[in-house]
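Listed here are the chains, written in short residue letters.
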Amino acid sequence: MAGWSQLPKDLLLLIAQRLNTHFDLLSLRSVCSSWHAFIPYSLHPLPSRFPILPTNGTSWGLYLSRRRILHLRLPESHCQSTTSSWLIKVEEDVPDMAHLVNPLSTFQFRHFPPNFPKNFAFSRFRVSELGQEYVLQYMNHRPSGEADEGSLHKGKVTFSCTSNGDDFVMLTIHVSGKLAMFRHGNKKLTLIDDMSCDDLIFFNGEFYAVDKTGRTVVVAIGSPPVLSLVADSVSGGNKKSLVESNGELLMVDTYFDQVIHRIMERAVRFKVFKLDQIRRVWVEIENLGDQILFLGEKSAFSAVASAFCGCAGNCIYYTNSFFFPCGQEDDAYTGIGIFNLENGNMGPLSSFPDYAKVIWPPPAWVYTDNIRGV
Amino acid sequence: MITLTSSDGQTFDVDEVVAVEMQTIKHMMEDGCAESGIPVPNVTGKILAKVLDFCKKHVETVKAEELKAWNADFIKVDQVTLYDLIMASNYLDCKKLLDLTCQTVADMIKGKSPEDIREIFNIENDFTPEEEEKIRKANQWAFE
């Protein structure tokens, strides 16, 4: 069969450059021997631990860890009628060694089911990358290799860098609630005084920040950084989150019920807004259609329901400390809830088995090794 | 007007303004080789017709929205034709068509397993069992 396997190297590379994820590149390399020879291992060789402050001989350093949120499915040829998926978040510690983190929280899975494959071959599956999460960590070079979370930040870290990593910008929310910026070559964080920030996102090549009233700006990186208004405030809830869905920027407004408990806030309602960039307002949307939103502790992303779990879209996975009953930290579902936009029903993930089984335990097809070949 | 002749002998009369969308043809015109027509030995009549369709539409149309919709329709072809279009747009050096075809292939690949990709593009798995094992090991992670 002449044809695609005979595609000249430079044309194959043109195609490979348009693939955004590490896994797509791996898949491409595993198709046939000529493609394997032509495509370098990684077109964007960024390590998943990115040093922010150099160590310079000191015993610790500040690193940015990148985690990938992956949607795994069987190859199309193996799929039966029901769509079965697995949603995971992986952090690559050293090349080829990874650990699994709950997709919505920072809870690390330590106990795998008995037959779980020791070596996990990604090329057996369809792998879509739904998002990335960045976490700031202090790395102490103690023999035990423990990592403590930096106390400099709370909430999201957003990050942008050139393809070879020689220049980068990091935006995060400082403990004071202000926006903090760190650029390559800086010695410390720059605090941006103009706003108290609820959430951040890197969307369409720009950094967006929202305050608790819903007022949203684009942060243009420079000295000094410049904030431009993209949307006015909305009235209503207590916490704003930004998420990308179907190529658009959405804002989710979380309403907390603080009567129950002063310390732990319980989410009682969510409203979703879409950005009208021309009129510079957030417009409420009543129905997400086939989209599912995920509001994690350190990241937010979305998925298409029909490809994801076969159940209805128009719902939100969210994290809520209210769902952390004592002594149950080992539960994969701890801290996660589902909100249905259609009827306002909500509750812990364990009450929604169709939505829960995508997260844990791993589906049966992850274990079986009878899928031929690479 | 320029006359182009495909590998299987079909002739096409093309406006100069359309012909220059293909850099290869443009250079030949500038070098004065175009008087008695330009042979295009690497491209069949069927594919050349499609390429010329593309160039003509892109010269005539100004609105980006309209072009985007037209492109989406234009590129709905089987994988054999898609392959021929990539090769032709590369040979004729028509950047816009090359971009469109490469992006289309990339979109077909995203999120697919190697097995899926072979099915879509009708590619044979020509790895030896040893090579397959090596690749599987390269694609795997150990979870701690």
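The structure this text deals with has already been given above.
Remember, predicted model here, so these are calculated numbers, not experimental data. (Residues numbered from 1 in each chain as written. Chains lettered and ligands numbered in written order. Predicted model: local features only at pLDDT ≥ 70, side-chain atom pairs only at ≥ 80, totals over all residues. Heavy atoms only, no water.)

Enquirer: For this particular structure, what's the right way to read the overall build of chain B?
Expert: A count of helices and strands for chain B gives eight helices and four strands. Helices (α) and strands (β) of chain B occur, in sequence order from the N terminus, as β-β-α-α-β-α-α-α-α-α-α-β. In terms of overall dimensions, chain B is more spread out than a globule: its C-alpha atoms have a radius of gyration of 20 Å, far above the 15 Å expected for 144 residues. Projected onto its principal axes, the C-alpha coordinates of chain B cover approximately 65 × 35 × 25 Å. Within chain B, the proportion of its 144 residues that are buried is 47%. Of the roughly 7,500 Å² of accessible surface on chain B, 51% is carried by carbon and sulfur atoms. Taken as two groups, the 16 positive and 28 negative side-chain charges of chain B have centres that lie 6 Å from each other. (Helix = DSSP H or I, 4+ residues; strand = E, 2+ residues; numbered from the N terminus. Rg over C-alpha atoms; globule rule 2.2 N^0.38 Å. Buried < 20%, exposed > 50% of the residue type's maximum accessible area, 1.4 Å probe, protein only. Areas by Shrake-Rupley, 256 points an atom, 1.4 Å probe, with all protein chains shown as cover. Lys, Arg positive; Asp, Glu negative; His and termini not counted. Charge placed at Lys NZ, Arg CZ, Asp CG, Glu CD.)

Enquirer: I tried to follow the nonpolar core on my own but got confused; where do I start?
Expert: Burial of nonpolar side chains together is a common tendency in soluble globular proteins. By size, the foremost hydrophobic cluster in this structure holds 51 residues, and its most contacted members are Trp4, Leu7 and Trp35 of chain A together with Leu4, Met22, Ile25 and Val51 of chain B. Considering every element that reaches this core, the biggest residue donor is helix H6 (residues 95–109) of chain B, with seven residues. Excluding anything up to four places from it in sequence, Leu4 of chain B contacts Gln10, Thr11, Phe12, Val14, Met22, Ile25, Ile38, Val40, Leu48 and Leu52 of chain B. Counting residues in each nonpolar core, the second largest holds 44 residues, with Ile69, Val127, Ala305 and Ile336 of chain A among its members. (Core = buried A, V, L, I, M, F, W, Y, C linked by side-chain atoms within 4.5 Å. Contact = heavy atoms within 4.5 Å.)

Enquirer: Sorry if this is basic, but what is going on with the side chain of Asp199 of chain A here?
Expert: The residue Asp199 of chain A is located in strand E11 (residues 190–203) in this model. Within polar-contact distance, the side chain of Asp199 of chain A engages the backbone nitrogen of Leu242 of chain A at 2.7 Å. (Polar contact = N/O pair within 3.5 Å; in protein donor to acceptor, adjacent residues only side chain to side chain.)

Enquirer: Would you explain the interface of chain B and chain A in this entry?
Expert: Accessible area lost when the parts come together is the quantity often used to give the size of an interface. Between chain B and chain A, the contact holds 39 residues from the first and 57 residues from the second. Taken together, both faces of the contact between chain B and chain A bury some 4,700 Å²; the carbon and sulfur share is 60%. Summed over the shared surface of chain B and chain A, the number is two salt bridges. Our count for the contact surface shared by chain B and chain A stands at nine residue pairs in polar contact (both at pLDDT 80 or more). Put simply, the parts of the chain that give the side of chain B that touches chain A at least two residues each are helix H5 (79–91), H6, helix H7 (114–121), helix H8 (129–138) and strand E4 (140–143) of chain B. A class-by-class count of the residues in the side of chain B that touches chain A yields 18 nonpolar, nine polar and 12 charged. Inspection of the sheet shows strand E4 (residues 97–101) of chain A paired to E4 of chain B by two bridges, in the parallel sense. (Buried area = accessible area lost by both parts, 1.4 Å probe. Salt bridge = Lys/Arg side-chain N within 4 Å of Asp/Glu carboxyl O. Nonpolar A, V, L, I, M, F, W, Y, C, P; charged D, E, K, R; others polar. Pairing = 2+ DSSP bridges.)

Enquirer: Can you help me understand the side chain of Ser5 of chain A in this one?
Expert: Counting through the fold element by element, Ser5 of chain A comes out in the segment before helix H1 (9–16). Residue classification places Ser5 of chain A among the buried positions, given a relative accessible area of 15%. Engagement of the side chain of Ser5 of chain A in a polar contact is seen with the side chain of Gln6 of chain A, the distance being 3.5 Å. In contact with Ser5 of chain A, other than residues within four places in its own chain, are Cys32, Ser34 and Trp35 of chain A together with Ile123 of chain B.

Enquirer: Sorry if this is basic, but what is going on with unusual backbone geometry here?
Expert: Note: most peptide bonds trans; most residues except glycine with negative phi. Between Trp360 of chain A and Pro361 of chain A the backbone carries a cis peptide bond, its omega angle lying at -5°. Inspection of the secondary structure puts Pro361 of chain A in the segment after helix H5 (353–356). A positive phi angle, near 60°, is found at Arg280 of chain A, a position not held by glycine. With respect to the helices and strands, the residue Arg280 of chain A is situated in the loop between strand E17 (266–276) and strand E18 (281–285). Taking relative accessible area as the criterion, Arg280 of chain A reaches 42% and is therefore assigned partly exposed. Here the phi dihedral of Asp93 of chain B falls at roughly 60°; this positive angle occurs in a residue that is not glycine. According to the relative accessible area criterion, Asp93 of chain B is partly exposed, its value standing at 36%.

Enquirer: How do you make sense of the sheet that holds strand E21 (residues 315–319) of chain A when you look at a structure like this?
Expert: Sheet strands pair by backbone hydrogen bonding; their relative direction is either parallel or antiparallel. Residues and elements named next belong to chain A. Overall, mixed pairing links the five strands, which are arranged E20-E19-E21-E22-E23 in an open sheet. Looking at which strands have only one partner, the edges of the open sheet turn out to be strand E20 (300–304) and strand E23 (346–348). Going across the sheet, the axis of each strand differs from the next one's by a mean of 20°, ignoring polarity. (Axes fitted to C-alpha atoms, helices over the stretch in contact; angles between N-to-C directions.)

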